[in-house]
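Residue strings, one per chain:
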Amino acid sequence: MKEIKLFINGEFRTSAKSFHSENPANGEAVAKVYLPSEQDIDQAIDAAENAFYSAEWRGMDQNKRADILEKISEKLKERRNELVELEVADSGSSLRKAKADVANAASYFKVLAGQLRKFQFEVKDENASRAGFSHNYRIYEPVGVCAQIIPWNFPLVMAAWKIGPVIASGSTSVLKTAEDTPVTASILAEILNDAGLPKGVVNIITGGASEGEYLLANKKVKKVAFTGSTAVGRKIMQNAGQRIQNLSLELGGKSANIVLDDADLSIAVDGALYAFLYHAGQACDSGTRLFVEEKIYPEFKEALVKRIKDVKVGLPTDPATAYGPVVNKKQLDTIMGYIETSKKEGAKLLAGGSRMTDGDFSKGYYIQPTLFEVTPDHTIFNEEIFGPVLAITPVKNEAEAVKLANQSIYGLAGAVWSKNQQRAINVAKQLETGMVWINEYHLLNPGMPFGGYKQSGIGREMGEEGMKAYLEVKHLWVSDCDERAKKPWFDAIF
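What you see is a predicted model, and the numbers here were worked out from it, not measured in a lab.

1. Looking at the overall build of the chain
Here's step 1: In terms of regular secondary structure, the chain is built from 18 helices and 25 strands.
Here's step 2: Taking 2.2 N^0.38 as the reference for a compact globule, 494 residues should give roughly 23 Å; the C-alpha atoms of the chain span a radius of gyration of 25 Å, in line with that estimate.
Here's step 3: Dimensions of the chain along its principal axes, counting C-alpha atoms only, are 80 × 55 × 40 Å.
Here's step 4: Relative to its 494 residues, the chain shows a buried fraction of 56%.
Here's step 5: Here the analysis covers contacts within the chain between residues at least 6 apart in sequence; of these, 74% occur between residues at least 24 apart.
Here's step 6: For the chain, the accessible surface area stands at approximately 21200 Å², while carbon and sulfur atoms represent 49% of it.

Laid out in structure tokens, this is it:
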């Protein structure tokens, strides 16, 4: 059995407390995982602070940091088979998802390295010289020690999104993984060492709420970056407000998927399924509210109900599996609770609605792909479920679709399906959300920003915006001493 140790100051260590990570497909133990004590967390923070102020890290050229990012990308590819196997076992990801996650993490480090090489950390304002003797500069500097917390649904990808900009910016970090899925981040820690990252720049621990709260409370932490639920994000924001702390939050979503009456149903139906079933619906950007114009609603609904029966729920290790189990029993119970609530509220069940327990499913946390016809009054129209449950609603026209789409506290993602690209773009521009696909879903570009409006978060990850989130900007005004002496201060005052 693999051991997942604490990664502090470039070294792996055990601790007094440990537990076993569980395979959600069958309940079997995946790895022995060590939990940090408060002393371990303090030492991780101290290691990050010492690394931040070290001459080696502070003086490292941006191209050298880019070299490290590229090496990380290469080594992720070299260890892809191991990472895929562990991600499948630890998180219940399908083989296809796990392979995509490793590829996406490697691609992100590669793309970020290219962006870092081109980024200007010092920019002179050529239009702001004063009287010929003053010059102005915009200087970007690393924010300092960061505390980062990632969720259980995309453990390797989320770790990459957090660690990448820390390295690119010249900051340092203590990253806490989720207790449910800690394994692949440990492999990433090994890769960081192999890629030549100086000790202490990135430290990786795991744990639950108590470990996370203790980490965030450390006064040496200059920035908090959190991906998870909106409810937890609110608490983090309240606490950070007491210290006026730099903050990045990527939170929940209830994304709208809009099918216009001129959509190509041959792709829109499958697109709607993919939007809410990817990774058993355990994605913050899942398209879980489906709006279809009345003109095509009966035809679309019939096709969707028929097509949903073809979705293969199965063991994650089966290459044909579309999606596997949800991450744990707590999540399963939450999802089933929403399904039962929907039935009691009178939402019309069109497909699924049950836990799967026969045969290979008996020891895991499997749920049928579930479809309800709802109105805006139903709970599942408004609340994030984080499971394979879709709410479909007919709309009179695109204006009503946009109104209902924006009738949410969330604003992470969305999609529009139409053969008329310009019509779809016009609708997309009206959506109050940070990401919109047209005739696509779930695809991400590592060179472009990802994040949400409203209660879906603050700030962006990936792209140049993601790196700038870990930088402070300084205005530097420089005057020539000899020239300044020729212009006495009283001339400017009196």
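2. Section: the sheet that holds strand 14 (residues 289-293)
Here's step 1: In spatial order, the strands read 15-18-19-14-13-21-22; together these seven strands make up an open sheet with mixed pairing. Only two strands of the sheet have a single partner each, and these edge strands are strand 15 (348-351) and strand 22 (435-438). Recorded for the sheet is a direction-independent mean angle of 25 degrees between the axes of neighbouring strands.
Here's step 2: In this structure, strand 18 (residues 370-373) lies alongside strand 19 (residues 389-395), joined through four bridges in parallel fashion.

3. A few points about the pattern of salt bridges
Here's step 1: On inspection of all chains with the given rule, the structure shows 24 salt bridges.
Here's step 2: A salt bridge links Lys-474 to Glu-141, with the shortest nitrogen-to-oxygen separation between them at 3.2 Å. With Lys-474 in strand 25 (residues 471-479) and Glu-141 in strand 7 (residues 134-142), the pair connects residues that are 333 residues apart, well separated along the chain.

4. Looking at the nonpolar core
Nonpolar side chains in soluble globular proteins tend to be buried together.
Here's step 1: With 72 residues, the main nonpolar core has Ile-72, Leu-76, Ile-163, Ile-167, Leu-192, Val-202 and Ile-204 as its most contacted residues.
Here's step 2: Looking at this core, the elements with two or more residues in it are strand 5 (29-35), helix 3 (62-78), helix 4 (80-91), helix 5 (95-118), helix 6 (155-169), strand 9 (172-178), helix 7 (183-194) and strand 10 (202-207).
Here's step 3: Setting aside its immediate chain neighbours within four residues, Leu-192 contacts Phe-7, Ile-72, Ile-163, Ile-167, Leu-197, Val-202 and Ile-204.
Here's step 4: Within the second largest apolar cluster, 67 residues are counted, among which are Ala-268, Met-356, Phe-372 and Met-435.

5. Thoughts on the layout of surface pockets
Here's step 1: Here the second largest pocket is characterised by a volume of approximately 300 Å³.
Here's step 2: At the level of elements, helix 5 and helix 10 (265-277) are the ones that each hand at least two residues to the lining of the second largest pocket.
Here's step 3: With four residues, the top contributor of residues to the lining of the second largest pocket is helix 10.
Here's step 4: Taken together, the residues of the lining of the second largest pocket sort by class into eight nonpolar, one polar and six charged.

Thresholds applied
- Residues numbered from 1 in each chain as written.
- Predicted model: local features only at pLDDT ≥ 70, side-chain atom pairs only at ≥ 80, totals over all residues.
- Heavy atoms only, no water.
- Helix = DSSP H or I, 4+ residues; strand = E, 2+ residues; numbered from the N terminus.
- Rg over C-alpha atoms; globule rule 2.2 N^0.38 Å.
- Buried < 20%, exposed > 50% of the residue type's maximum accessible area, 1.4 Å probe, protein only.
- Contact = heavy atoms within 4.5 Å.
- Areas by Shrake-Rupley, 256 points an atom, 1.4 Å probe, with all protein chains shown as cover.
- Pairing = 2+ DSSP bridges.
- Axes fitted to C-alpha atoms, helices over the stretch in contact; angles between N-to-C directions.
- Salt bridge = Lys/Arg side-chain N within 4 Å of Asp/Glu carboxyl O.
- Core = buried A, V, L, I, M, F, W, Y, C linked by side-chain atoms within 4.5 Å.
- 1 Å grid on protein atoms, 1.4 Å probe; cavity = no way out; pocket = protein on both sides within 12 Å on 5 of 7 lines; lining within 4 Å.
- Points joined across faces, edges and corners; volume = space filled by probe spheres on them.
- Nonpolar A, V, L, I, M, F, W, Y, C, P; charged D, E, K, R; others polar.

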